[in-house]
Amino acid sequence: DADEINKSIKLIRTFIRNNSDRDGFVDYRSTGKAVRGADLVLEKAYTAFNQGKIIHALDLTLCVIHETIDLLSNADDSDGTVGEAISEYLCFMDEMIEDAELSQDQKESFFDKLIEEAASRRYDGRMDGLTGGWTFLEAAQCLQILRTSR
């Protein structure tokens, strides 16, 4: 639901803003608090996934990744808090692909969303060494294989 996605983006940004200095930079000590909003939204994604709302769970997860990738440019992540959080979010995407019983329509929607997200320039050079799970393109490739094998 688009309204929940918009509210989730606002929640994530509020946590980031509340833990940034006046220039929008999040210092080393505040990164854990800054990603808390993203963690809360990911909890909503887990709930949606467990309720069988797979595409909604994906939309929430992509929203979380989208916002936290942007945070990397404006934070001192020397302790790896933001990077580890992003890796956790990507691992959840991995779980969704492996564990979900997706209909053909859901597979196509999932695939299209991953390809669209992978094309975003915001990820250029930022995913290296973060994943713990898959990149968007690797996830889409796996989904493509599943899509054609069933």
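Residues numbered from 1 in each chain as written. Predicted model: local features only at pLDDT ≥ 70, side-chain atom pairs only at ≥ 80, totals over all residues. Heavy atoms only, no water.

Asker: Mind showing me how you'd approach the overall build of the chain here?
Answerer: Across its full length, the chain carries seven helices and zero strands. Reading the helices (α) and strands (β) of the chain from amino to carboxyl end gives α-α-α-α-α-α-α. For the chain, with 150 residues in total, the buried portion stands at 45%. When contacts within the chain are restricted to residue pairs at least 6 apart in sequence, long-range pairs at least 24 apart make up 75% of them. Accessible surface for the chain amounts to roughly 7,900 Å². Of this, 46% is attributable to carbon and sulfur atoms. (Helix = DSSP H or I, 4+ residues; strand = E, 2+ residues; numbered from the N terminus. Buried < 20%, exposed > 50% of the residue type's maximum accessible area, 1.4 Å probe, protein only. Contact = heavy atoms within 4.5 Å. Areas by Shrake-Rupley, 256 points an atom, 1.4 Å probe, with all protein chains shown as cover.)

Asker: Hey, could you run me through the packing of aromatic side chains in this one?
Answerer: What characterises a pair of aromatic rings is the spacing of the ring centres plus the angle enclosed by the ring planes. If you walk through the whole model with that rule in mind, you get two aromatic pairs. Pairing Tyr46 with Phe92 gives two aromatic rings, centres 4.2 Å apart and planes at 55°, and the pair type is tilted. With Tyr46 in helix α3 (residues 36-50) and Phe92 in helix α5 (residues 81-99), the pair connects residues that are 46 residues apart, well separated along the chain. Ring centres of Phe49 and Phe92 lie 5.8 Å apart, and the angle between their planes is 85°; this geometry places the pair in the edge-to-face category. Separated by 43 residues along the polypeptide, Phe49 in helix α3 and Phe92 in helix α5 bring together distant segments of the chain. By the burial criterion, Phe49 is buried, and Phe92 matches it. Pairwise contacts between aromatic rings join Tyr46, Phe49 and Phe92 into one cluster. (Phe/Tyr/Trp six-rings, centres within 6.5 Å; stacked < 30°, edge-to-face > 60°.)

Asker: Can you walk me through the confidence of the model for the chain in this structure?
Answerer: It should be kept in mind that the predicted coordinates are not to be read in detail where pLDDT is low. On average, residues of the chain score 83 in pLDDT, and 80% of them are at 70 or above. Considering each helix and strand of the chain separately, the mean pLDDT is smallest for helix α7 (residues 136-149), with a value of 55, and largest for helix α1 (residues 2-18), with 97. (pLDDT = per-residue confidence, 0-100.)

Asker: In this structure, what is going on with the layout of surface pockets? I would like to understand it.
Answerer: One way to see where empty space is left: roll a probe the size of a water molecule over the atoms. As a volume, the largest pocket reaches approximately 190 Å³. Along its surface, the largest pocket is lined by Ile5, Ile9, Asp59, Leu62, Cys63, His66, Lys113, Glu116 and Glu117. Elements supplying a minimum of two residues to the lining of the largest pocket: α1, α4 (54-72) and α6 (104-118). In terms of residue count, α4 provides more of the lining of the largest pocket than any other element does, four residues in total. Considering only residue class, the lining of the largest pocket consists of four nonpolar, one polar and four charged. (1 Å grid on protein atoms, 1.4 Å probe; cavity = no way out; pocket = protein on both sides within 12 Å on 5 of 7 lines; lining within 4 Å. Points joined across faces, edges and corners; volume = space filled by probe spheres on them. Nonpolar A, V, L, I, M, F, W, Y, C, P; charged D, E, K, R; others polar.)

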